[in-house]
Amino acid sequence: MKNIYKFSHIVEKEGIQVAERLAYIDFLLQFKGSFSRSDLTAFFGLKDAAVSNLVGKYREHRSKNVFYDRKAGKNVINVECFEPLVELDSETALGMLGNGFNKNKLQDSPIVPYERIGVSPKKLDVTLVSKISRAICNNSGVICCYRSGSSSNHASRILFPTAIFFDGMSWMFRAYHRGDIAGANEFKCFDFARLQSVDESALVADIHERLEKDADWHITTPIHLELHPTLSESNKAATRIEFGIDDSDELIINVKAVLFYFIAKYWRIDVSTEADNTHSYALQNYYKFHLKNRKTLEHLHCMENVFKGTK
């Protein structure tokens, strides 16, 4: 295997401008699976001749990584022998997939002292992540082994990934699960960290397996919260400041319905029908909020896990 270089090494060898462009090509190939001439002209404002020179420069470094698909009219990853040119960790890659390519993310040079806390010691496998992101970009399927926390069935399954998101602690992806077992044939959320293996396939997502048909993903619903009655006055005051709550002690937010599960967990929202103010001393001040509009949410399929085991 060839060396995978730090971005700084490419900068030293090629200069910052060329290094950024090479890194962008490498990024598109690895995580999107292809790039077109227009991708480079639009992002860098290059002329056709400059694009040709740039692609040639990339081939000097990684000739086997890419081939030109005349039918599709774009440069495509050679999956069988792809070797990244620029070193990129999964967290950075996922961040750029969500927010756009940024060469500054390739350099460890924060403007002010910075530390990321709460990151799992388990490093996400960038190869597995790239297979999921390529499937999203190409509406294709993957065959994977996934360590589910809610099921003892860890056999391989067919997924059609559709989107990625960050739940505040972990990187997740949305996918349609195709299969003939209970719980299959619907859209679900998956944790990248639970992936055991991923194999790309030639399977193409049917219309009903694509993001546009994921009704729960496209439903945005108001969430009506109130400060929890078990909070002490000092904690109520702190929560008002933290969340910008006025004297009504209520907060209304609009969220994707399918993502409320994660908000309820990290914001410590009591989703029971009535706010329970008889919690044991150990649970006093645990909940920050009580959900006021549960009745308007109960009919949504994606709320089953939110309200499971509550009254």
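The preceding data block contains the structure.
Residues numbered from 1 in each chain as written. Predicted model: local features only at pLDDT ≥ 70, side-chain atom pairs only at ≥ 80, totals over all residues. Heavy atoms only, no water.

(A) Quick look at the layout of surface pockets. Here the largest pocket is characterised by a volume of approximately 1500 Å³. Lining the largest pocket are 40 residues, with Asp89, Glu91, Thr92, Lys105 and Tyr114 positioned closest to its centre. Elements with a minimum of two residues in the lining of the largest pocket: helix H1 (7-14) and helix H5 (90-99). Broken down by element, the lining of the largest pocket gets its largest block of residues, six residues, from H5. Among the residues forming the lining of the largest pocket, the class breakdown is 13 nonpolar, 14 polar and 13 charged. (1 Å grid on protein atoms, 1.4 Å probe; cavity = no way out; pocket = protein on both sides within 12 Å on 5 of 7 lines; lining within 4 Å. Points joined across faces, edges and corners; volume = space filled by probe spheres on them. Helix = DSSP H or I, 4+ residues; strand = E, 2+ residues; numbered from the N terminus. Nonpolar A, V, L, I, M, F, W, Y, C, P; charged D, E, K, R; others polar.)

(B) Representation of empty space enclosed by the protein. Enumeration according to the criterion identifies one cavity of 30 Å³ or more in this entry. Counted as a void, the largest cavity has a volume near 50 Å³. In terms of lining residues, the largest cavity is bounded by Ala23, Asp26, Phe27, Gln30, Phe31, Val86, Leu88, Phe101 and Leu106. Looking at the lining of the largest cavity residue by residue, the class counts come to seven nonpolar, one polar and one charged.

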